[in-house]
Amino acid sequence: MKLLSLELKNYRNLQKQVLNPHEKVNIIYGDNAQGKTNLVEAIYLLTGQKSFRGAKENELLKFGCENAEILARFFSGGREQEIKIILGKNKNIYINEIKATPNELTGVFNSVIFSPTELSLIKDGPSERRAFLDNAISKIMPRYSAILQNFNKILYQRNTLLSEMKYNKYADKSLLTETLFAWEQSLVKPIYLLINARIRYIDRITPHIKDIYREISKDKEKINIEYIPSIKNLPTDMDRHKCEEIILKSLQDSRQEDIKNGYTTSGPHRDDFNITLNNISARSYGSQGQQRSCALALKIAECRVIEEVTNEKPILLLDDVFSELDKNRKHFFLKQFLDTQIFITSCDKTGIQGIKSGKSFRMVNGEIYSNQK
Ligand code: ATP
Ligand code: MG
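Residues numbered from 1 in each chain as written. Chains lettered and ligands numbered in written order. Predicted model: local features only at pLDDT ≥ 70, side-chain atom pairs only at ≥ 80, totals over all residues. Heavy atoms only, no water.

*Asks:* So, the overall build of the protein chain: which residues are in play, and what are the values?
*Replies:* Within the protein chain one finds 10 helices and 15 strands. At 22 Å, the protein chain has a C-alpha radius of gyration in line with the 21 Å of a compact globule built from 373 residues. By its C-alpha atoms, the protein chain is 70 × 55 × 40 Å across when sized along the principal axes. Counting only residues that meet the buried cut, the protein chain has 53% of its 373 residues in that class. Counted over contacts in the protein chain with a minimum sequence separation of 6, partners at least 24 positions apart contribute 71%. If you sum the accessible surface of the protein chain, you get close to 18,300 Å²; carbon and sulfur atoms cover 48% of it. Computing the positive centroid from 56 side-chain charges and the negative centroid from 46, the protein chain places the two 3 Å apart. (Helix = DSSP H or I, 4+ residues; strand = E, 2+ residues; numbered from the N terminus. Rg over C-alpha atoms; globule rule 2.2 N^0.38 Å. Buried < 20%, exposed > 50% of the residue type's maximum accessible area, 1.4 Å probe, protein only. Contact = heavy atoms within 4.5 Å. Areas by Shrake-Rupley, 256 points an atom, 1.4 Å probe, with all protein chains shown as cover. Lys, Arg positive; Asp, Glu negative; His and termini not counted. Charge placed at Lys NZ, Arg CZ, Asp CG, Glu CD.)

The following block contains the structure:
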């Protein structure tokens, strides 16, 4: 997959900019607050995912503007293709000039982002790790986002009811319990589908992570990764029928506890995964460098799985992370991605020396200046 050109209109501080990238390495450098991350954020939106900074869509419009536009030409599936995203009150997406929904963008344009947040994937709380899984799976399983949205909608309804039962002591308990049961029944299927997809994804990245980490640690440490569902006693074969029974029972068994808390205490929204190095938790005991290497291994594995599924290397976006890697990791990293189109942002060019071919772009106040390297 290669991005051939990118045109931005009123996207954050990029008023009207065109980027014609190199097919391999592209370095975007400049002082702080010039628009480097804005540029890679716009590229990332072409995947159909939300901004990796957690920004709301209206924050992406240049101050005072009602619309923004991202137009990308790229090479994928043996042909030139185009995605146009118009942001504003009405969001419009066109894939090869045909109107599409955000979910239809899944798999059309693939890109993986490494940013400082990703490097804290190991040491921070479980929500970061769940977000990693949800995001990575959405890119290769078009239905996943819809299942997740549906789950969140029903979960919200159950939580609203739980909170009402917690605070409104005079409400008709039997009616509320009946409604609660209805929500629980509707939750069973999406819960099963989400947990099963996540476990399958972990199984899929495991051999890659082991392979990558073996090389990073020069065979000194063994990495392992395991999904930890908050609903206990699910069978290891994830048999659907058995799982659904256990999920429903678990929701019902935790009712009193859930009413006391005013929210649903178990389910995919409370799950986690654990990474160990030589059987010891990387989160609790890993050094900064080990945690960094684990995060790197996770992201590289994500790229490899996308490549397995789509037969194409996703575009890599490295926002503010490359210059912070030590020499060995930089070398290892670049070796992994020889035929990949990469976008690297950095404040100063010294941290990215050693990259010999490609293009560099200087970003000044939302304007891109191209220098052939
Ligand atoms: P750093 O090196 O500090 O990471 P950067 O070059 O990556 O900096 P960005 O985060 O891309 O900087 O851009 C930040 C600039 O974009 C800020 O000056 C900010 O005010 C501006 N900006 C952000 N959103 C908008 C918007 N919606 N409209 C106009 N300008 C915006
Ligand atoms: Mg930045």
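*Asks:* An account of helix α3 (residues 126–140) is needed here, citing residue identities and associated values.
*Replies:* Here α3 is 15 residues long and its end C-alpha atoms lie 22 Å apart, about the 21 Å a rise of 1.5 Å per residue gives. Those residues of α3 not exposed but buried are Arg129, Arg130, Phe132, Leu133, Asp134, Ala136, Ile137, Ser138, Lys139 and Ile140. (Expected span 1.5 Å × (residues − 1).)

*Asks:* Can you break down the site of ligand 1 residue by residue, with the values?
*Replies:* Taken together, the neighbourhood of ligand 1 is formed by 17 residues, with Ala33, Lys36, Thr37, Arg53 and Leu61 sitting nearest. One nitrogen or oxygen atom from the main chain of Asn38 is found 2.8 Å from an oxygen atom belonging to ligand 1. Between ligand 1 and the protein, one listed contact pairs a nitrogen atom with a backbone N or O atom of Leu61 at 2.8 Å. A total of 650 Å² of accessible area belongs to ligand 1 in isolation, and the protein chains cover 76% of it. (Near = heavy atom within 4 Å. Polar contact = N/O pair within 3.5 Å; in protein donor to acceptor, adjacent residues only side chain to side chain.)

*Asks:* Pulling in residues and values, what's your account of the side chain of Ser115?
*Replies:* If you trace the backbone, Ser115 turns up in the loop between β8 (111–114) and α2 (116–119). Take Ser115: its relative accessible area is 3%, and that puts it in the buried class. Those residues in contact with Ser115 that sit more than four places away from it in its chain are Asp319 and Val321.

*Asks:* So what about the environment of Leu162? Which residues, and what values?
*Replies:* Mapped onto the elements of the fold, Leu162 is located in helix α4 (residues 144–167). Put simply, Leu162 and Leu176 are 14 residues apart on the chain and 8.9 Å apart in space, counted from C-alpha to C-alpha. Among residues more than four places away in sequence, those in contact with Leu162 are Leu180, Asp258, Ile259, Gly262, Tyr263 and Thr264.

*Asks:* How would you sum up the nonpolar core? Please name residues and give values.
*Replies:* Counting 70 residues, the largest nonpolar core has Phe114, Tyr201, Phe273, Ile275, Leu298 and Phe333 as its most contacted members. Ranked by residues supplied to this core, first place goes to helix α5 (residues 173–216) with 16 residues. For Phe333, the contacting residues outside a window of four places in its chain are Phe114, Leu296, Ile300, Leu316, Leu318, Phe322 and Leu325. Of all hydrophobic cores here, the second largest spans 39 residues; its members include Leu6, Leu8, Ala68 and Met363. (Core = buried A, V, L, I, M, F, W, Y, C linked by side-chain atoms within 4.5 Å.)

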